[in-house]
Amino acid sequence: MVFVNMDSTPGLGHDPGALTYLKGIGAIGICSTRAAIIERANGLGLLAMQKVFVTDRSNLRRSLQSVARSQPDLVQLMPAIVLRYMERQARDLGVPYLAAGFVQGTQDVAEALHHGAAGVCTSDEGLWELRRSALRVS
């Protein structure tokens, strides 16, 4: 499933009509760090994935509050390594979450799934066809 990254797509990110345009051309989902974009996407019936960068505990608290306000369909937690430290908080989000950032091998994928992630986001094309059945997830 493809999500349009609103934060890094030139010409779309800050344009108020961008979401309407994307829906009109058949896009089904968007991704952004911005809660306002997530909320607008929800209103248009697009799937919305909110990216959350967790750098420390105070940032985690603010991020969780932002997710609660914007009510995305999915959350992308970055970097993936933080899941081992915040598994309970991630589960308490109430929405499925994906691990992203520094997912570089099958062990990273298995660890993310072990800590409750529904899946991972990665630019490593070698992992794109990887299936849960091929992993040992405890």
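Residues numbered from 1 in each chain as written. Predicted model: local features only at pLDDT ≥ 70, side-chain atom pairs only at ≥ 80, totals over all residues. Heavy atoms only, no water.

A. The arrangement of the packing of helix α2 (residues 35–44) against helix α3 (residues 57–70) in detail. At a minimum axis distance of 9 Å, the contact between α2 and α3 shows a crossing angle of 25°. By the angle between their axes, α2 is roughly parallel relative to α3. Relative to α3, the crossing made by α2 is right-handed. The residues of α3 that touch α2, namely those facing A35, I38, E39 and N42, are S66, R69 and S70. For the contact of α2 with α3, a count of residues per class yields two nonpolar, three polar and two charged. (Axes fitted to C-alpha atoms, helices over the stretch in contact; angles between N-to-C directions. Helix = DSSP H or I, 4+ residues; strand = E, 2+ residues; numbered from the N terminus. Parallel < 35°, antiparallel > 145°, perpendicular 65-115°, else oblique. Left-handed = near helix turned anticlockwise from the far one by under 90°. Contact = heavy atoms within 4.5 Å. Nonpolar A, V, L, I, M, F, W, Y, C, P; charged D, E, K, R; others polar.)

B. Quick peek at the side chain of Q50. On the secondary structure map, Q50 appears in strand β3 (residues 47–53). Ignoring any residue separated from it by four or fewer positions in sequence, one finds Q50 in contact with S32, T33, A35, I38, S66, V67, S70, P72, L74, V75 and Q76.

C. Region of the structure containing unusual backbone geometry. The amide bond that connects M78 to the next residue, P79, takes the cis arrangement and shows omega of -15°. Checked against the element boundaries, P79 lands in the loop between β4 (74–78) and α4 (83–91). Phi angles above zero are rare outside glycine, and Q71 is one such case at about 50°. Mapped onto the elements, Q71 comes out in the loop between α3 and β4.

The values are spatial; any link to function lies outside them.
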